[in-house]
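Here is what each chain is made of, one letter per residue.
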Amino acid sequence: MANATLLERETPASGISLASAEVFQNHLAQWDDKAPDWLKTMKTSAWERFSDLPMPTPRMEPWRFARTGNLHLDGYRLASPIKDLKRDLLLEQSHIFESFAGKMVFADDQIIEHRETTREQQEAGLIWSPLSVALQEHSALLRKFFLTFTPDLGSEKFQALHAALLTNGTFLYVPAGMEVSLPFVAYHEAYGQNTALFPHTLVIADTGAKVHLVDIFQSAGSATRNFACGMTSIFAGAGAQVSYQAIQEWNLETLSFHLNTVSAERDAD
């Protein structure tokens with residue numbers, strides 16, 4: 001990890017909560033020209049669901065063995081733009097894999113590096129795209145799969161918050177019959193003090209496709225306080241083989257939820 005002394009320090013935010021309606025309205029306003037109508041409708045519905053659901057307590061069956069006293073959303077804020085100088089620093093620590101089919105690096109949910117796949121793979125139909133771009137360029141495909149299934153099991157309030165406030169992530173579509181030997185790699189860096197992250201990963205492997213994706217979640221410094229609420233959805237068509245790995249290197253100041261769903265058709269692995 002990068003030396004924490006190289007990173008900017010900010011005092012904790014006060015009087016702020018991600019549960020504030022003002023936070024959501026400001027977030028939604030940023031999507032006015034960047035998102036299809038169906039996504040804005042989905043976000044609004046998710047925010048209403050989040051607002052209606054109570055915070056978890058040990059009295060709830062799925063949380064009966066959990067300590068929930070520190071599960072609050074106060075003091076966190078949505079991400080601010082990353083300065084160029086800090087961008088270079090963050091890229092330096094995003095190199096666990098030297099060989100890959102495609103690579104993305106996010107800092108506070110903002111894409112700071114995107115290494116494409118080969119031209120041949122793109123011409124054959126493979127899509128490796130930041131989610132914010134894919135929502136505009138591949139809206140019809142995403143609408144069919146985006147947040148179609150949810151993990152539930154007590155995570156309903158946090159998955160609703162994720163759907164309401166997510167801004168970016170990775171989208172990987174592998175067409176039928178294509179096999180990709182090298183892994184796709186996505187780095188998700190938590191940088192800003194008190195910043196909330198909502199990384200989203202969507203993988204669609206069509207019939208007989210074979211692919212491997214690695215998500216790496218890490219804190220840029222040892223003392224930054226962050227809230228991370230991510231989700232990964234994998235759809236494997238008939239006979240497809242999908243390998244997914246998630247590596248977490250959050251610091252001790254980070255509160256993290258990661259919600260996974262998998263839908264597999266016949267003979268998929």
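A quick note: this is a predicted structure, and the numbers were derived from the prediction, not measured.

S.K.: How would you explain the overall build of the protein if you had to name every residue and give the values?
M.R.: A tally of regular secondary structure across the protein gives 7 helices and 11 strands. Radius of gyration (C-alpha) of the protein: 18 Å, near the 18 Å computed for a compact globule of 269 residues. In terms of principal-axis extent, the alpha carbons of the protein reach across some 50 × 40 × 40 Å. Sorting the 269 residues of the protein into buried and exposed places 52% on the buried side. Once local pairs closer than 6 in sequence are excluded, the contacts in the protein between residues at least 24 apart make up 84%. Roughly 12900 Å² of accessible area belongs to the protein as shown, and the carbon and sulfur atoms make up 49% of that amount. With 21 positive and 32 negative side-chain charges, the protein shows a spacing of 4 Å between the two charge centroids.

S.K.: Tell me about helix 7 (residues 156-165), residues and numbers included.
M.R.: Summarising burial for helix 7: 9 of the 10 residues are buried, a large majority. On the buried face of helix 7, the contacting elements are helix 1 (21-29), helix 2 (37-52), strand 7 (200-205), strand 9 (226-236) and strand 11 (254-264).

S.K.: Give me the pattern of salt bridges: which residues, what numbers.
M.R.: All told, the structure shown has 5 salt bridges when counted by the stated rule. Where E61 meets R64, a salt bridge forms, and the shortest distance between an N and an O atom there is 2.7 Å. Of the residues examined, R64 reaches a relative accessible area of 44% and is grouped as partly exposed. Linked by salt bridges that have partners in common, K103, E113 and R115 make up one network.

S.K.: Before we move on, could you go through the packing of aromatic side chains and cite the residues and values that matter?
M.R.: One pass over the full model with this rule turns up 13 aromatic pairs. Centre to centre, the rings of W63 and F257 are 6.4 Å apart; their planes meet at 65°, and the pair counts as edge-to-face. Residue W63 is found in the loop between helix 2 and helix 3 (84-92), and its partner F257 is found in strand 11; the two are separated by 194 residues along the sequence. The pair W63 / F257 is uniform in exposure class, with both members buried. Here the aromatic rings of Y76 and F227 are separated by 5.7 Å at their centres, their planes lie at 40°, and the arrangement is tilted. A residue pair is termed long-range when its members are at least 10 positions apart, and Y76 in the loop between helix 2 and helix 3 and F227 in strand 9 qualify at 151 residues. Assessed through its relative accessible area of 5%, Y76 is described here as buried. Grouped by ring-pair contacts, the aromatic residues W63, Y76, F158, F198, F227 and F257 constitute a single cluster. One Lys or Arg, K157, reaches over the ring of F50 and ends 3.9 Å from the middle of that ring.

Rules used throughout
Residues numbered from 1 in each chain as written. Predicted model: local features only at pLDDT ≥ 70, side-chain atom pairs only at ≥ 80, totals over all residues. Heavy atoms only, no water. Helix = DSSP H or I, 4+ residues; strand = E, 2+ residues; numbered from the N terminus. Rg over C-alpha atoms; globule rule 2.2 N^0.38 Å. Buried < 20%, exposed > 50% of the residue type's maximum accessible area, 1.4 Å probe, protein only. Contact = heavy atoms within 4.5 Å. Areas by Shrake-Rupley, 256 points an atom, 1.4 Å probe, with all protein chains shown as cover. Lys, Arg positive; Asp, Glu negative; His and termini not counted. Charge placed at Lys NZ, Arg CZ, Asp CG, Glu CD. Salt bridge = Lys/Arg side-chain N within 4 Å of Asp/Glu carboxyl O. Phe/Tyr/Trp six-rings, centres within 6.5 Å; stacked < 30°, edge-to-face > 60°. Lys NZ or Arg CZ within 6 Å of the ring centre and 35° of its normal.

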